[in-house]
Amino acid sequence: PSIRPSLPLRLVSTTPLAPGEQRPLASPDPPENPVDFEFSGGSSEMSDTDEHHFESKADSGASKTYPQQAGAIRKGGHIVIKARPCKVVEVSTSKTGKHGHAKCHFVAIDIFNGKKLEDIVPSSHNCDVPHVDRQDYQLIDITDDGYVSLLTESGNTKDDLKLPTDDVLLGQIKTGFADGKDLILSVMSAMGEEQICAVKEIGGG
Amino acid sequence: MHILSAVILWIEPPNVIAESIRNGGSESEFIDGCHVLLSVASLTSSSLFDNLLKSIRQYGTINLLSALTSEAVKSVLDNQNEEETWGSDALDILLETWNVILGEACADKSPMSADGALAASNLFKIIVESHLKAAADSAFEDSDDAEYFHVSVSKRDEQLALYALIARAAADTTIPFLEQLFSERFARLSQQRDVENDPTRTLEELYWLLLITSHVLTDSGEGETLLIPEALQAGFTNVVEVAQHPVVTLSWSIINFSRQCLDPGIRGRYFSPRLMEAVIWFLARWVATYLVPLDVSREIDSVGRHGSQHSRKLLNSFAWDNNQGELVLDFVVLMSMVALTTYQGEIELQTLTCQKLLASVVRRKHTCAYVVQLDSWRDLTRAFASGRSLFSLSGRLQRSLAETLACAASCIKDPEASVQYLRDLMGPVAGCLVENASRSDLKSVAHQPDVIYMVCCLLERLRGAARATQPRTQKVLFEMGHTVMNSLLTLLEVYKNQSEVIYMILKFVVDFIDGQAVFLDGKETSVLMSFCLRLLQIYSSHNIGKVMLSLSSTLRSESQSEKYKDLRALLRLLTNICSKDLVGFLSDSNIEGSPDIAEVIYVGLDIVTPLISLDLLKYPKLSRDYFVLMSHLLEVYPEKVAHLNRDAFGRITGSLEFGLRNQDGDVVERCLTAVNALASYHFKERLGGRGGLGSQVMESEGSNGKLQESISSHFLRLLLQLLLFEDFRMELAGSAADALLPLLFCEQELYQRLVHELLEKEQNPTVKSRLALAFHNLTSSNNLSSTLDRPNRQKFRKNLRVFLGEVSGFMQIK
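Nothing here was measured: the structure is a model prediction, and the numbers come from that model.

Pulling in residues and values, what's your account of the sheet that holds strand E5 (residues 116-122) of chain A?
Paired through their backbone hydrogen bonds, the strands of a sheet run either parallel or antiparallel. Residue and element names in this part refer to chain A. Across the sheet, four strands lie side by side as E2-E3-E4-E5; this open sheet has antiparallel pairing. Sheet topology places strand E2 (78-81) and E5 at the edges, where each strand pairs with a single neighbour. Averaged over all pairs of adjacent strands, the angle between their axes in this sheet comes to 45°, without regard to strand direction. Note: strand E3 (residues 84-95) against strand E4 (residues 102-110), nine bridges, orientation antiparallel. By the bridge assignment for E4, Thr-93 is matched with Cys-104.

Kindly report on the side chain of Ser-487 of chain B, identifying the contributing residues and their values.
Tracing the backbone shows Ser-487 of chain B in helix H25 (residues 474-494). Here Ser-487 of chain B is in contact with Leu-433, Val-434 and Ala-437 of chain B, once residues within four sequence places are set aside.

Give me the environment of Val-338 of chain B: which residues, what numbers.
All names here are of chain B. With respect to the helices, strands and loops of the structure, Val-338 is situated in helix H17 (residues 324-342). The class for Val-338 is buried, based on a relative accessible area of 12%. When near neighbours in sequence (up to four residues on either side) are disregarded, Val-338 contacts Cys-261, Leu-262, Arg-267 and Tyr-343.

Give me the packing of helix H24 (residues 449-467) of chain B against helix H26 (residues 499-516) of chain B: which residues, what numbers.
Residues and elements named next belong to chain B. It is the contact of H24 with H26, at a shortest axis distance of 8 Å, that shows an interaxial angle of 15°. The angle between H24 and H26 places the two elements in the roughly parallel class. Considering the relative orientation of H24 and H26, their crossing is left-handed. Seen from H24, the contacting residues are Ile-452, Val-455, Cys-456, Leu-459, Glu-460, Leu-462, Arg-463, Ala-466 and Arg-467; seen from H26, they are Glu-500, Val-501, Met-504, Ile-505, Lys-507, Phe-508, Asp-511, Phe-512 and Gly-515. For the contact of H24 with H26, the class distribution of residues is eleven nonpolar, one polar and six charged.

I'd like a description of the packing of aromatic side chains, backed by residues and values.
All names here are of chain B. Tallied over the full model, the rule gives 15 aromatic pairs over all chains. With a centroid separation of 5.9 Å and an interplanar angle of 25°, the aromatic rings of Phe-478 and Phe-512 are classed as stacked. Here Phe-512 lies in helix H26 and Phe-478 lies in helix H25, a separation of 34 residues in the sequence. Assigned by exposure class, Phe-478 and Phe-512 land together as buried. Directly above the aromatic system of Phe-177 lies the positively charged group of Lys-125, at a separation of 5.5 Å from the ring centroid.

Residue-level account of the side chain of His-99 of chain A, with values.
Within the secondary structure, His-99 of chain A is located in the loop between E3 and E4. A distance of 2.7 Å separates polar atoms of two side chains, one belonging to His-99 of chain A and the other to Ser-272 of chain B. Sequence-distant contacts of His-99 of chain A, that is, excluding residues within four places in its chain, are made with Thr-200, Leu-203, Glu-204, Ser-272, Pro-273, Arg-274 and Leu-275 of chain B.

Quick one: what's the story with the UniProt feature "domain: Translation initiation factor 5A C-terminal" (unreviewed entry) in chain A, residue by residue and with numbers?
UniProt's entry tags residues 131-200 of chain A with the feature "domain: Translation initiation factor 5A C-terminal" (unreviewed entry), counted in the numbering of this structure. The straight-line gap between the two end C-alpha atoms of residues 131-200 of chain A is 23 Å; of that span, 17% is helix and 53% is strand.

Break down the pattern of salt bridges for me, with residues and values.
Residues and elements named next belong to chain A. Applying the stated criterion across every chain, the model contains 34 salt bridges over all chains. Here Asp-136 makes a salt bridge to Lys-200, at a shortest N to O gap of 3.2 Å. Taken together, the residues span a long stretch of sequence, with Asp-136 in strand E7 (residues 133-142) and Lys-200 in strand E11 (residues 193-202) at a distance of 64 residues. Judged by its relative accessible area of 28%, Asp-136 is partly exposed. Among the residues examined, Lys-200 registers a relative accessible area of 8% and is labelled buried.

Residue-level account of the packing of helix H12 (residues 246-259) of chain B against helix H14 (residues 273-290) of chain B, with values.
All names here are of chain B. It is at 11 Å that the axes of H12 and H14 come closest, and there the two elements cross at 135°. In terms of orientation, H12 lies oblique with respect to H14. Here H12 runs over H14; the crossing is left-handed. Here Val-247, Ser-251, Trp-252, Ile-254, Ile-255, Phe-257 and Ser-258 of H12 lie close against H14, whose contacting residues are Leu-275, Val-279, Phe-282, Leu-283, Trp-286 and Tyr-290. Across the contact of H12 with H14, the residue classes break down as eleven nonpolar, two polar and no charged.

Which residues make up the nonpolar core, and what values do they have?
Note on soluble globular proteins: their nonpolar side chains tend to be buried together. Counting residues in each nonpolar core, the largest one holds 295 residues, and the members touching the most others are Phe-124, Phe-271, Trp-286, Trp-377, Tyr-495 and Leu-573 of chain B. Non-local contacts of Phe-124 of chain B, meaning those with residues more than four positions away in its chain, are made with Tyr-163, Ile-166, Ala-167, Thr-174, Phe-177, Leu-178, Ile-212 and Val-216 of chain B. Val-148, Leu-161, Leu-183 and Ile-196 of chain A belong to the second-largest nonpolar core, a separate cluster that totals 14 residues.

How would you explain the environment of Ile-175 of chain B if you had to name every residue and give the values?
All names here are of chain B. Of note, Ile-175 is situated in helix H9 (residues 171-192). Note on Ile-175: relative accessible area 0%, which makes it buried. In this structure, Ile-175 is in contact with Val-216, Leu-217, Leu-232, Phe-236, Pro-246, Val-247 and Leu-250, ignoring residues within four places of it in sequence.

Residues and numbers for the environment of Gly-114 of chain A, please.
Secondary-structure assignment places Gly-114 of chain A in the loop between E4 and E5. Sequence separation between Gly-114 of chain A and Ile-173 of chain A is 59 residues; the distance between their C-alpha atoms is 21 Å.

Give me the lowdown on the confidence of the model for chain B, citing residues and values where you can.
All names here are of chain B. Confidence along chain B averages 84 in pLDDT terms, with 87% of residues attaining 70 or more. Across residues 545-549, confidence stays below pLDDT 50; counting only partners more than four residues off in sequence or on other chains, it has 15 contacts. Scoring of the predicted complex yields 0.79 for pTM and 0.71 for ipTM.

I'd like a rundown of the state of the cysteines, residues and numbers included.
With the rule as written, the count across this model stands at zero disulfides over all chains. Unpaired in terms of disulfides, Cys-104 of chain A finds its nearest cysteine sulfur in Cys-127 of chain A, a separation of 7.5 Å. Here Cys-261 of chain B is not cross-linked by a disulfide; its sulfur's nearest cysteine counterpart is in Cys-354 of chain B, at 17 Å.

If you had to explain helix H34 (residues 665-687) of chain B to someone new, which residues and values would you point to?
Think of an α-helix as turning once every 3.6 residues; residues three or four places apart then point the same way. Residue and element names in this part refer to chain B. Compared with an ideal rise of 1.5 Å per residue, which puts 23 residues at 33 Å, H34 spans 32 Å between its outermost C-alpha atoms and is within 8% of the ideal. Two or three places before Asp-666, at the opening of H34, Asp-664 has a side-chain oxygen 2.9 Å from that residue's backbone nitrogen. Two residues or fewer past H34, Gly-689 is found with a positive phi of approximately 80°.

Pulling in residues and values, what's your account of the domain arrangement of chain A?
Residues and elements named next belong to chain A. With domains assigned, chain A is organised as domain 1 (65-130) and domain 2 (133-201). Centre-to-centre separation of domain 1 and domain 2, based on C-alpha positions: 31 Å. Residue-level contacts link eight residues of domain 1 with seven residues of domain 2. At the boundary of domain 1 and domain 2, one finds one salt bridge. One salt bridge connects Glu-193 with Arg-84, and the closest N-O pair in it is separated by 2.9 Å. Where domain 1 packs against domain 2, one counts two residue pairs in polar contact (both at pLDDT 80 or more). Class assignment of the residues belonging to the side of domain 1 that touches domain 2 gives a composition of six nonpolar, one polar and one charged.

Thresholds, definitions, all that
- Residues numbered from 1 in each chain as written.
- Chains lettered and ligands numbered in written order.
- Predicted model: local features only at pLDDT ≥ 70, side-chain atom pairs only at ≥ 80, totals over all residues.
- Heavy atoms only, no water.
- Pairing = 2+ DSSP bridges.
- Helix = DSSP H or I, 4+ residues; strand = E, 2+ residues; numbered from the N terminus.
- Axes fitted to C-alpha atoms, helices over the stretch in contact; angles between N-to-C directions.
- Contact = heavy atoms within 4.5 Å.
- Buried < 20%, exposed > 50% of the residue type's maximum accessible area, 1.4 Å probe, protein only.
- Parallel < 35°, antiparallel > 145°, perpendicular 65-115°, else oblique.
- Left-handed = near helix turned anticlockwise from the far one by under 90°.
- Nonpolar A, V, L, I, M, F, W, Y, C, P; charged D, E, K, R; others polar.
- Phe/Tyr/Trp six-rings, centres within 6.5 Å; stacked < 30°, edge-to-face > 60°.
- Lys NZ or Arg CZ within 6 Å of the ring centre and 35° of its normal.
- Polar contact = N/O pair within 3.5 Å; in protein donor to acceptor, adjacent residues only side chain to side chain.
- UniProt positions renumbered as here; feature names shortened; annotations may be inferred.
- Salt bridge = Lys/Arg side-chain N within 4 Å of Asp/Glu carboxyl O.
- Core = buried A, V, L, I, M, F, W, Y, C linked by side-chain atoms within 4.5 Å.
- pLDDT = per-residue confidence, 0-100.
- Disulfide = S-S within 2.5 Å.
- Expected span 1.5 Å × (residues − 1).
- Domains from an automatic or database assignment.

Now the structure itself:
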């Protein structure tokens, strides 16, 4: 007996064609026989084949993970191990006995503190995949107690981030700022945690 | 003969000798004895070989060979530890000997003697029994990861194929023997159903049996028309009725057993992923071999109801009797569905299903044409198009599956039905992508992992379909691509920080162009070019103008490889866009709004050249892709490149300079081609009284600070330096000559001066005169003239080769 993963997607099957009927490919213009597929997002539209919806999680600060089958997670993807958001650096498969089922062995790096973590999961089981976001902000100020003041897209300021601990990065930010350069900081966020991960200079001339 | 009687003592009797080796005796004589057998076999025909021993023994050489091989097999499976390799060494030699003898027997059409066949039969039985025992013993060990490595799998396959040859030599006994073994184990499994016994041992035995049986019944051969093995076609002279033919009964026995996997209860109980893999592998080869196209089997004359001709005919047609062939194909589709949907996470199994089983059905017109009409096939395509179960397959598999399913369209005879099939298959995929891209709240949901995953799956599927482009399906697939073009641009914008998605978009476009380029008409080309231009512009706007100062250490290394992947895809994209197929249309067409090909190139190069650092060019694949593009562009559009702005042009020539010293000979060759293109263009322009590359200069460090010199003089110096003073590969001499010739013509004065300087520096008078002569011959031998036509170029190539041969002796020393 195998396990079916629950994908929070809803795909409705096409209505069968009458013989001789032709359906054109969905084009940018409104199609004659609209193909009935949707990612039903924030709207609360229910249809007769009500299965799983997924909602826009943009505003809910809480659960920022999504279940995905272990076998589908590849090197370079993300995974939650021991409640930490990580980036997968190695995946290998083995079996529980020759005639057992496959399992995946993940080696991953915590995206915030760089620690190496490992996990072994049956390939058909679901793992949690963290939602990792990257946003760019313009640097406005660096406070004396080591916080940065950033300009958001909406024009407000974001003041709750500390300077990064990575030496090279820190140095570039400090010197760049002191030299009066226009700096853009990339902030990586996942599972409620945030960190500055890159600095760019608004380019030349 | 003499040799044989001399070494006979080393290898006889085999079991005694083997025992003594195990007890510490030396194995070298034994191995040498085996070598002798192999050598003798290579020199004689098989019957002669067999008869050799008969002059000094009661039995033939083949009997001895058989006994030796048994011993070797037993040693390998029973007693060998890692250090003792004599068993497997001996086995390799002995199997090769069999290979030689049986190969000859086939070619001579002289069947083996009766006792030879008996010896082969006995040997095969021992082989199978030994391996079965080993399989059962190892059933509870953890499977070696090494098993999936290509090297060990292909070595295993080689060995099994040699065993199979032995089996076929005595097929009338070995095939029934195999069937017996299968029946025993099938019975064991169904009895165990009622008792809670662990079937693992039996499963492992069945696994091995399926592998060896598949090798016996079929040959391997990717993409070739698989024929039923000749030994089997000719080997059953006594069979009259179909139902008595051992190959037939064995085949149906296995296939009927396999059908049980469709029952969920039984499947769960003993169709382990590993067993399924073996079954699928067996079926793929069986279907490709025994479902013989009707027109082929009809050609085989059936002469009477007896004899080998009758058996041959029988074997080539039995599979289609009583609709059985159709039922098998239906079963194959159903089984594939089961493998893909209920064996979650079993990647090897699912890959085999898609790339071996389904592919083997779809690749052959006669089976494909039948399969596409089946209900089961329709269920599969429907599940793919609109179901969700297949979304859990890995991305690469979805791509593969899309390609396989799309390929089937070419086998649908009615053109309209074929088009509709593809629309039904890929329409929903394209539609889904378009729907998502047009969501008003796209920005807020786009970065959720599930949305990213979905988008990537859709892109993989589009890629798969693009790869299946064929003349009959080209227009529909272009339609598919056209449908998603705007959406791709939207996604490119939204996912600008998500390199995985960007990469996949680029790869789709590369594959799309690759498949479509040779078929497009003027209008389609124009549409495609406009799209590519927009694509490049958007990509460019995200990547230029922001100089990355620093990244945290965890991001640093991955950013490099991300840039690398992106870039490779981009390079391939540009190369495809600039392919001669597409270009031909654009330069001729008068279509409104058609983008100037030059513009596309400029934008492309504008993006690529700043991103390519010398650092990145150290990656071999990337540098090869880059230089392929460069040399291509310079060959086809030297005038466009010549008019790039100074910075861009400077970067290109800088990279050529770097490339000329590359380790990879292929890269150097391309750079030489590029230099040739530039120089030839310059020469021709000047000849016509125009400026050519005159406005472009190269800067280099001179003794008094920065020097500026023309392109041609710079490369002339560089090339001479490479040829005379650095390691130069002779196989590149032709390309070097092609580059050097136009440079010489452009810079005659400089050339004379350089040669003069070189000669002056030379102290040794003999060397000096030889050098002077060589240079003289370089430019005057063979009536070299001052043109760049083909005959003249050929002359110069000859001259250069002679020149290099002459001077290599004394120039390299410096």
